[in-house]
Amino acid sequence: MPPHRRLVERVFGETPSAWLYLLPAVVIIVGLAIVPVFWSLLLSFQDKDPIAETTSWAGFDNYRELFHDEKFRGAVEHTITYTALFVPLSILGGLGLALLLNKRVRFIGVYRTLAFVPVIVSATVQGVLFSVIFDDQVGVANGLLDKVGIAPQPFFSDGRQALLLLVLAGLWAGTSCISFCAVIFLAALQDIPRELTEAASIDGARAWGTFKAVTAPALAPVTIFLLLWQTVQGIQLFDLVYGSTAGGPGDATVVVVYFIYRSIRESAYGTGAAASYIVVAGLAAIGLAFWLGRFAVSRRGRGATA
Amino acid sequence: MSAVASRRRGREQLDSPARPVAAGPVKKGWRWLPFDPWHLALAPATLLLAAPLLWMLLASFMSAQQLYKFPPTIIPGSLHLDGYRFLFEDTEISTWFLNSLIVSSVCVVANVLFCSMAGYAFARMRFRGSGITLGIMLATMVIPFQLTLIPTFIIFEHLGMIDTLWSLIVPSLVTPFGVFLLRQFFLSLPPELEEAAYMDGCSRWKILWTIVLPLARPALATVAVVTFLLTWNDVSWPAIAISSEAHNTLPLGVASFRSRSEQNPSAIMAANVIATLPVLLAFLAAQKTFVRSIASGAVKG
């Protein structure tokens, strides 16, 4: 080390200057991610009187109330329905699209551009767009149905159909849509050496055989990632609802995050915090299931090669 | 070694259009087609995906009459500017646009700067607490945002920043994703260059600016793209933090505008077009970087 290094550095090493480099990141991340996590937990056990501005200890009251709250149960139900439809459809759709986009044909660049554009569309814009396209009175979708001789549908004015349309909108655009899954799958597909698939087909493997023996194992890790990612995205659904139905008709499309949003607007912090902890408990359970599943798979895999 | 090489090659193919190969093993029965039969699947699938957006563009140029008759117009006979005129004359869309632009650009610059600093410290500096700090930072990446929502709201309320653009900027100044991505990139650079400069008495700060960052351009571009995309499109936090019209960002403005004016679908579509256009242009200009950035988080994760 050159002799003119400062005294501080000679005594403490690089620790002080390293912390200076980290300062902005640490302040933001500790202040707005770590502190809030524990604060939320505290809030979920408190009850705030909005008029007297006093806070009292509520124990598990907030949680107990939520379990009996019809609206919250509805929100959980809608979230589960949405996620259960959205996750498998987006992943299968994305896989199919990626396999198509991996073909070596003319204009593949144009096809890829067209297919990838939906990823950058904001979910709000997508929600607004779908609510106009599927308007029961003047929507272009009913116009198309009319052309092929199908009676007009209520779409967003019917609770069940509204939820299904949200799934459709989620599949079509945004940072967790079919196109997003396709981007991820395509990147993984292109990590497979061409020689491998070519060798398989020269050996006489049919398309399905090649897929099963070469492609599917190579895609397994990203599929697990996508399952997890898409599930988290499904449970955190908010912007689509915000842009299209705002929870309606009735409360038919209120999902959990929308429920929390409403409780913040009503200053019911305790209820909102408890609701978010219930969601996180659900997420943690799913994460644990994945981890255990992955653990089991990798053990079985190791057993097979050994 | 060869596996790594072919991996690299594969990654490059992702964005560059694949060279059309003379004639692959075309299936029997499809030989009569003058083009590859895969076009029959590719063209409808990709057009279907892009269709709502194309219609959005078309509808923004339709008149209310065209949109309001039954059965509704799909392809208009004539184009109109009513929607855009209404938008710019009767709403604050230019303010919303400016707000979005301010928030996104401040966040992009801040992320590139702060994530580089933190990433560099983690990659190259030896200091007490580095392991545990990095671990905690990584752990925050998986915290669902609704968990932090309410306390963050209370914090900003106490700081007097709620319903100002500051409340949108401050939480996105640094992202753990960016810190981690840049740390990984800095680790992949050969340390010899920096060591030579260090021996010559160059300060860490100068090494970072003159040697490391110029080499890290691709990774910095990824951080910039992801930050821009996320901040420009985000609405969950802004919907909670912002309540006055004048501080709306574009997506907020578009959503509030829609609920207020059911009667003007072409203006709603025009607002949608304006909200999407900047990201779309950026995407078309730098598709490679976008696709790589979107894939980068996942394939390694």
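Residues numbered from 1 in each chain as written. Chains lettered and ligands numbered in written order. Predicted model: local features only at pLDDT ≥ 70, side-chain atom pairs only at ≥ 80, totals over all residues.

## Some points on the environment of A:Arg112
Residues and elements named next belong to chain A. Examined against the element boundaries, arginine 112 turns out to sit in helix α5 (residues 108–116). Of the residues examined, arginine 112 has 25 C-beta atoms within 10 Å and is grouped as buried. Remark: the alpha-carbon pair of arginine 112 and leucine 101, spanning eleven residues in sequence, is separated by 6.5 Å. (Helix = DSSP H or I, 4+ residues; strand = E, 2+ residues; numbered from the N terminus. Buried ≥ 20, exposed ≤ 12 C-beta atoms within 10 Å, placed from the backbone.)

## Focus: the domain arrangement of chain A
Assigned domains of chain A: these are domain 1 (1–38) and domain 2 (73–305). Look at where the C-alpha atoms of domain 1 of chain A and domain 2 of chain A centre, and you get two points 40 Å apart. (Domains from an automatic or database assignment.)

## Quick look at the nonpolar core
One broad rule of soluble globular proteins: the nonpolar side chains tend to lie buried together. Core analysis: the biggest nonpolar cluster contains 165 residues, and A:Ala182, A:Val183, A:Ile184, A:Phe185, A:Val256, B:Ala118 and B:Ala271 have the highest contact counts within it. For this core, the domains that each give at least three residues are domain 1 (1–38) and domain 2 (73–305) of chain A. Beyond its immediate sequence surroundings of up to four residues, A:Ala182 is in contact with A:Gly94, A:Leu97, A:Ala98, A:Leu101 and A:Ala115. (Core = buried A, V, L, I, M, F, W, Y, C linked by C-beta atoms within 7 Å. Contact = placed C-beta atoms within 7 Å.)

## Re the packing of helix α10 (residues 192–199) of chain B against helix α11 (residues 204–215) of chain B
Residues and elements named next belong to chain B. Between α10 and α11, whose axes approach to 10 Å, the crossing angle comes to 145°. Crossing of α10 against α11: the hand is right-handed. Where α10 abuts α11, its residues Leu193, Glu194, Ala197 and Tyr198 lie against Ile207, Ile211 and Val212. Grouping the constituent residues of the contact of α10 with α11 by class yields six nonpolar, no polar and one charged. (Axes fitted to C-alpha atoms, helices over the stretch in contact; angles between N-to-C directions. Left-handed = near helix turned anticlockwise from the far one by under 90°. Nonpolar A, V, L, I, M, F, W, Y, C, P; charged D, E, K, R; others polar.)

## Overview of the environment of B:Ala286
All names here are of chain B. Along the chain, alanine 286 falls in the loop between α15 (265–285) and α16 (287–300). Residue classification places alanine 286 among the partly exposed positions, given that 16 C-beta atoms sit within 10 Å. Each C-alpha atom of the pair alanine 286 and alanine 221 lies 10.0 Å from the other, and the pair is 65 residues apart in sequence.

## Structural notes on helix α11 (residues 207–235) of chain A
Residues and elements named next belong to chain A. Compared with the 42 Å implied by 1.5 Å per residue over 29 residues, the 36 Å span of α11 between its first and last C-alpha is markedly short. The sharpest bend along α11 comes to roughly 45°, located at alanine 220, with the proline proline 221 sitting one to four residues further on. Among the residues of α11, Thr215, Leu219, Val222, Leu226, Trp229, Gln230, Thr231, Gln233, Gly234 and Ile235 are the ones counted as buried. (Expected span 1.5 Å × (residues − 1). Bend = angle between axes of the 7 residues up to and from the residue.)

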